[in-house]
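Chain by chain, the residues:
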Amino acid sequence: MKDLFGKAILDYQTHNSPENIITETTISEEDEMDVAYLFRPFDEMPNIEQKALELAKGKILDVGCGAGSHSLYLQNQKKLEVTAIDISANAVKACKLRGLKNAFVQDILTLENETFDSIILLMNGTGIFGTLKNTPKFLQKLKSLLNPGGQILIDSSDIIYMFDEDEDGAFEVPANSYYGELEFIIQYKGETEDSFSWLYLDYNTLQNAAIANGFQCELILEGEHYDYLVRLSI
Ligand SMILES: C[S@@+](CC[C@H](N)C(=O)[O-])C[C@H]1O[C@@H](n2cnc3c(N)ncnc32)[C@H](O)[C@@H]1O
């Protein structure tokens, strides 16, 4: 991994001529993303993220923290004990520079020996599951990291709106795979990252997976653009 996403974050944090990140997926053309978005303060976050931060309590784990904006709010404003993890070494470096006390380079799948009251996964938190087939593995891992009475706050979107409809109004989704399974390509400063799988889940599919893996699943809030926030508990 070239860690281009993290490089963009660290460039932005250190004023090292940051540029936009270029993203492209299996179903969408190249699009530019302003790295500044990853540094959003509370009042510029989407409603569903603000809601997740309001509901977060106790000892927190922020999975895939990126530039650490959610963790910083919980640590500094809500004075909570926060652990932030990301597989991107550059992103974690930026989190530390921003003042996060407990930020670590860590893959969620290999995190052990610690449990939490609230686990947050935000900005399409299901993305890191990669595929529908991998989803149980991630849900089981997350479950093993929860304290009794704990909660997982995770967001995603139903991306059915990205597909064309045929003359009968049926969406032209792939026949052999779940339509929310995308391949992502990221480019930054002329370099291209290896493509990676990124999963969007519609609410029903997430609810089914959650129940099959022993969770209670509650739809907390729907956002303005097919996005939603869920609370999973045991
Ligand atoms: C879309 S970004 C979200 C960043 C942040 N949560 C936000 O809302 O700004 C997803 C992050 O998840 C990280 N990530 C991907 N797979 C991961 C894994 N298995 N364990 C921990 N972090 C992971 C990526 O490096 C990336 O920084």
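Calculation notes
Residues numbered from 1 in each chain as written. Predicted model: local features only at pLDDT ≥ 70, side-chain atom pairs only at ≥ 80, totals over all residues. Heavy atoms only, no water. Near = heavy atom within 4 Å. Polar contact = N/O pair within 3.5 Å; in protein donor to acceptor, adjacent residues only side chain to side chain. Areas by Shrake-Rupley, 256 points an atom, 1.4 Å probe, with all protein chains shown as cover. Nonpolar A, V, L, I, M, F, W, Y, C, P; charged D, E, K, R; others polar. Salt bridge = Lys/Arg side-chain N within 4 Å of Asp/Glu carboxyl O. Helix = DSSP H or I, 4+ residues; strand = E, 2+ residues; numbered from the N terminus. Buried < 20%, exposed > 50% of the residue type's maximum accessible area, 1.4 Å probe, protein only. Arc of directions from axis to C-beta. Contact = heavy atoms within 4.5 Å. Patch = residues over 30% accessible without salt bridge, like charges linked within 9 Å, V, L, I, M, F, W, Y side chains within 5 Å. Phe/Tyr/Trp six-rings, centres within 6.5 Å; stacked < 30°, edge-to-face > 60°.

1. Focus: the site of the ligand
Lining the immediate environment of the ligand, one finds 16 residues, of which Arg40, Gly64, Asp86, Asp107 and Ile108 sit closest. Here Gly64 contributes a backbone N or O atom positioned 2.8 Å from a nitrogen atom of the ligand. Asp86 is positioned with one of its side-chain polar atoms (N or O) 2.5 Å from an oxygen atom of the ligand. Bound to the protein, the ligand loses 89% of the 600 Å² it would expose on its own. Taken together, the residues of the shell around the ligand sort by class into 9 nonpolar, 4 polar and 3 charged.

2. Some words on the pattern of salt bridges
Note that side chains of opposite charge can pair when their charged atoms are close. According to the stated counting rule, one finds 4 salt bridges in the structure shown. With a closest N to O distance of 3.3 Å, Glu218 and Arg231 form a salt bridge. With Glu218 in strand E11 (residues 216-222) and Arg231 in strand E12 (residues 227-233), the pair connects residues that are 13 residues apart, well separated along the chain.

3. Here we look at helix H6 (residues 203-212)
Those residues of H6 that sit buried are Tyr203, Thr205, Leu206, Ala209 and Ala210. Projected onto a plane normal to the axis of H6, the buried residues spread over an arc of 165° and lie on a single side. Facing away from the buried side of H6, by more than 90 degrees, are the exposed residues Asn208, Ile211 and Ala212. Next to the buried residues of H6 lie helix H5 (135-144), E11 and E12. Its side-chain oxygen 3.3 Å from the backbone nitrogen of Asn204, Asp202 forms the N-cap of H6. Residue Gly214 follows H6 closely and has a positive phi angle near 85°.

4. Focus on a nonpolar patch on the surface
The grouping of Ile27, Tyr161, Met162 and Tyr226 at the surface amounts to a nonpolar patch, some 330 Å² of accessible area in total. Its place among the elements puts Tyr161 in the loop between strand E7 (146-157) and strand E8 (181-188). Looking at Tyr161, the relative accessible area reads 31%, which means it is partly exposed.

5. What about the packing of aromatic side chains?
Inspection of every chain in the model, using the stated rule, returns 10 aromatic pairs. On the basis of an interplanar angle of 40° and a centroid distance of 4.4 Å, the ring pair of Tyr12 and Phe39 is categorised as tilted. Here Tyr12, found in helix H1 (residues 4-13), pairs with Phe39, found in the loop between strand E2 (28-33) and helix H2 (47-55); they are 27 residues apart in sequence, far enough to count as distant. The class of Phe39 is buried, set by a relative accessible area of 11%. Between the aromatic rings of Tyr203 and Tyr228, the centroid separation amounts to 5.7 Å while the plane-to-plane angle is 85°, which identifies the pairing as edge-to-face. Residue Tyr203 is located in helix H6, and its partner Tyr228 is located in strand E12; the two are separated by 25 residues in the primary sequence. In this pair, the class of Tyr203 matches that of Tyr228, namely buried. Here the aromatic residues Phe163, Tyr178 and Tyr179 are joined through ring pairs into a cluster of three or more.

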